Amino acid sequence: MGWSEVGGTVCPIARALAVVGDRWTMLILRELFLATRRFEEFQAQTGMSSHLLSSRLKRLEADGVICRRRYSDRPARHEYRLTEKGLALYPILLGLKSWGERWGGFDANDQPAIEVVHCGCGQATGLTLTCSACNQPFGARDARAVIGETFAVERAERRSAFRGHGQR
């Protein structure tokens, strides 16, 4: 399966990666969650070329992750906002933040680059996985993935095609 075909699979992880699966897009999302709204500020904070930034913003808009709003008519200028679909990516960014803090080579005594503070209580918070049925915390060792029938068939077809053509 080529990268251009990833969005056509029944796997929800692959479909999500088809939309947000590159580092530049994730940096744009980081900036949106940090309240960056304007093109020049995205460019300054990410170091992206204007062409690359423009293409990523257009793709996010086409995918419904962001919307563009005009804030000036002369000259025509726009700002970018997360849609509900974009806001739903928040746990992904929190997960990357948490992983990066643990495995990114930071000193445990370093001040965090970003602290997430819960508006309701004013306290710093982080990513916590809890079971939606019993409310108990869990991790990778406490859960298992069950592959659905359609995805199992898709995986078997790829395995068969790989053995027949791709393996050497």
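See the structure printed just above.
Basis of the calculations
Residues numbered from 1 in each chain as written. Predicted model: local features only at pLDDT ≥ 70, side-chain atom pairs only at ≥ 80, totals over all residues. Heavy atoms only, no water. Helix = DSSP H or I, 4+ residues; strand = E, 2+ residues; numbered from the N terminus. Buried < 20%, exposed > 50% of the residue type's maximum accessible area, 1.4 Å probe, protein only. Contact = heavy atoms within 4.5 Å. Areas by Shrake-Rupley, 256 points an atom, 1.4 Å probe, with all protein chains shown as cover. Lys, Arg positive; Asp, Glu negative; His and termini not counted. Charge placed at Lys NZ, Arg CZ, Asp CG, Glu CD. Phe/Tyr/Trp six-rings, centres within 6.5 Å; stacked < 30°, edge-to-face > 60°. Lys NZ or Arg CZ within 6 Å of the ring centre and 35° of its normal. Pairing = 2+ DSSP bridges. Axes fitted to C-alpha atoms, helices over the stretch in contact; angles between N-to-C directions. Parallel < 35°, antiparallel > 145°, perpendicular 65-115°, else oblique. Nonpolar A, V, L, I, M, F, W, Y, C, P; charged D, E, K, R; others polar. Left-handed = near helix turned anticlockwise from the far one by under 90°.

## Overview of the overall build of the protein
When helices and strands are counted, the protein shows 7 helices and 4 strands. Starting at the N terminus and ending at the C terminus, the protein contains elements arranged as α-α-α-α-β-β-α-α-β-β-α. C-alpha extents for the protein along the principal axes are approximately 60 × 40 × 35 Å. Across the 168 residues in the protein, those meeting the buried criterion constitute 21%. In the protein, 40% of the contacts between residues at least 6 apart in sequence involve partners at least 24 apart. Of the roughly 12600 Å² of accessible surface on the protein, 52% is carried by carbon and sulfur atoms. Taken together, the 24 basic and 18 acidic charged side chains of the protein have centroids lying 5 Å from each other.

## Some details on the packing of aromatic side chains
Per the counting criterion, the structure on display carries 2 aromatic pairs. For the pair Phe 33 and Tyr 90, a centre-to-centre distance of 5.2 Å together with 45° between the ring planes defines the contact as tilted. Residue Phe 33 is located in helix 2 (residues 23-33), and its partner Tyr 90 is located in helix 6 (residues 90-103); the two are separated by 57 residues in the primary sequence. By relative accessible area, which is 24% here, Phe 33 ends up partly exposed. Each ring, one from Phe 42 and one from Tyr 80, has its centre 6.1 Å from the other, and the planes form 70°; the classification is edge-to-face. Pair noted here: Phe 42 is in helix 3 (residues 39-46) and Tyr 80 is in strand 2 (residues 77-82), with a separation of 38 residues, a long-range link. In this arrangement the basic side chain of Arg 38 is found over the ring face of Tyr 71, its NZ or CZ atom lying 3.6 Å from the centre. Residue placement shows Arg 155 over the ring face of Phe 151; its charged tip is 5.4 Å from the ring centre.

## Some thoughts on the pairing of strand 1 (residues 66-72)
The pairing of strand 1 with strand 2 spans 6 bridges and is antiparallel. Looking across to strand 2, one finds that Arg 68 is bridged to Tyr 80. Where strand 1 folds back onto strand 2 in an antiparallel hairpin, the turn is made up of 4 residues.

## Some remarks on the packing of helix 2 against helix 4 (residues 50-62)
At a closest axis distance of 10 Å, the pairing of helix 2 and helix 4 adopts a crossing angle of 75°. When the interaxial angle is binned, helix 2 and helix 4 end up roughly perpendicular. Residues Trp 24, Thr 25 and Ile 28 of helix 2 form the contact with helix 4, whose own contacting residues are Leu 52, Leu 53, Arg 56, Leu 57, Arg 59 and Leu 60. Residues belonging to the contact of helix 2 with helix 4 are distributed by class as follows: 6 nonpolar, 1 polar and 2 charged.

## Examining the packing of helix 3 against helix 4
Running from amino to carboxyl end, helix 3 crosses helix 4 at an angle of 115°, the nearest separation of the two axes being 10 Å. Seen along the crossing, helix 3 lies across helix 4 with a hand that is right-handed. Contacts from Phe 39, Phe 42 and Gln 43 of helix 3 reach helix 4 at Ser 50, Leu 53, Ser 54 and Leu 57. Within the contact of helix 3 with helix 4, the residues separate by chemical class into 4 nonpolar, 3 polar and no charged.

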